[in-house]
Amino acid sequence: EVETEIEDYAFSFEGPFGSFDQMQLQRGLQVYTEICSACHGLELVAFRNLHDEGGPGLPEDQMRAYAEFYEVFDQSLFDGEGDFRPATPADKFPSSSLSNAPDLSLMAKARAGFHGPAGTGINQLVKGMGGAEYIASLMTGYHEEPECAADANMDGQYNVAFAAGGFPASCIDEHGHHMVPGSWISMSQPLYGDDVEYADGHSTDLEHVAQDVAAFLMWTAEPKMMARKQAGLTGVLFLTVLTVLLYLTNKRLWAPHK
Ligand code: HEM
């Protein structure tokens, strides 16, 4: 198993009462738009979703303006010959333009940040699945190549959060253990800090920008998270009340026989 270094960031949407931070989702959308979308796609997300409650919550006119900024190919135009037109709220984000860059719609749920210990997954009960933590840590996980790889001529860049990439034999010891965490990734470092200018004055340090885009991708992967938690809470409250009533009923029923 490849060791990785995943930071346990405190996201606003964690825990049973956590909720998405609308401003953070808007900042993350900006980072996605200005940087990630050069290579990646979000083909499962429709522009109109940017206006949904519990998400970035763009006002309707802003959401429409955002959509129009994209061009989509529409086969129904020109009597079936097709042509490009500005996107409408019903269209989806384009898919990845770089063939080996995966679509990011569901990435925050496709990856886990925390595993173990010893394959038990107990860490996930305590810290959560860590999909957003994984993405933020991937953004901040680029490091200089370790010394053991000096002569290895690796493809890609060394990243301590990435498990699935290439790894040089010169960094594996005689027992077969990896001497350094992570592996080599074919995405060059996308964020360095101060990559964007935020309208809300929020910090643009690498750590903050990384968390913003990770939070946004958590929303794309689970856009109904707020509704799910709300329903869960209602259910638990309801069951609690029912438990009390049943307890009292039970007492009442058996009272004459005791
Ligand atoms: C892979 C996020 C920008 C090219 C990935 C993965 C994530 C990600 C989560 C999947 C890693 C995995 O499989 O576990 C982002 C974010 C970006 C960004 C949040 C913006 C801040 C870019 C850009 C490019 C790019 C600008 C192209 C220049 C790639 C490629 C891979 C990848 C080629 C596949 C890497 C591999 O499997 O070795 N990215 N990315 N990404 N990304 Fe990005």
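For the structure, see preceding data.
As the structure is a prediction and not an experimental result, all values here were calculated from the model.

What counts as what
Residues numbered from 1 in each chain as written. Predicted model: local features only at pLDDT ≥ 70, side-chain atom pairs only at ≥ 80, totals over all residues. Heavy atoms only, no water. Buried < 20%, exposed > 50% of the residue type's maximum accessible area, 1.4 Å probe, protein only. Helix = DSSP H or I, 4+ residues; strand = E, 2+ residues; numbered from the N terminus. Pairing = 2+ DSSP bridges. Near = heavy atom within 4 Å. Polar contact = N/O pair within 3.5 Å; in protein donor to acceptor, adjacent residues only side chain to side chain. 1 Å grid on protein atoms, 1.4 Å probe; cavity = no way out; pocket = protein on both sides within 12 Å on 5 of 7 lines; lining within 4 Å. Sits in = over half its atoms within 2 Å of the grid points. Donors = N, O, S within 2.8 Å, 3.2 Å for Na, K, Ca; no water. Tetrahedral: all angles 85-135°; square planar, octahedral: opposite > 155°, others 65-115°. Points joined across faces, edges and corners; volume = space filled by probe spheres on them.

### Observations regarding the pairing of strand β1 (residues 71-74)
Alternating positions in β1 separate cleanly, Val-72 and Asp-74 being buried on one face and Glu-71 and Phe-73 remaining unburied on the opposite face. Note: β1 against strand β2 (residues 83-86), 4 bridges, orientation antiparallel. If you follow Asp-74 over to β2, its bridge partner there is Asp-83.

### What to know about the site of the ligand
Around the ligand, the structure places 21 residues, and the nearest of them are Cys-36, Cys-39, His-40, Tyr-134 and Met-187. Between His-40 and the ligand, the recorded distance is 2.7 Å, taken from a side-chain N or O atom to a nitrogen atom. One of the side-chain nitrogen or oxygen atoms of Arg-111 is found 2.7 Å away from an oxygen atom of the ligand. Spatially, the ligand is embedded in the largest pocket. The element best represented in the shell around the ligand is helix α5 (residues 131-140), accounting for 3 residues.

### Remarks on the coordination of the iron atom of the ligand
Donor atoms from the polypeptide that coordinate the iron atom of the ligand comprise His-40 (NE2) and Met-187 (SD), at 1.9 to 2.1 Å from the metal. Here the iron atom of the ligand is ringed by 6 donor atoms whose angles at the metal span 86 to 178 degrees, and the overall shape comes out octahedral. Of this pair, His-40 sits in the loop between α1 (22-34) and α2 (60-68) while Met-187 is found in the loop between β4 (183-185) and α6 (206-221), placing the two residues 147 residues apart along the sequence. The buried category is assigned to His-40, whose relative accessible area is 12%.

### Re the layout of surface pockets
Roughly 550 Å³ of volume is contained in the largest pocket. Lining the largest pocket are 25 residues, and of these His-40, Pro-102, Leu-138, Ile-185 and Met-187 lie nearest its centre. Put simply, the parts of the chain that give the lining of the largest pocket at least two residues each are α5, β4 and α6. When residues in the lining of the largest pocket are grouped by element, the largest group, 4 residues, is from α5.

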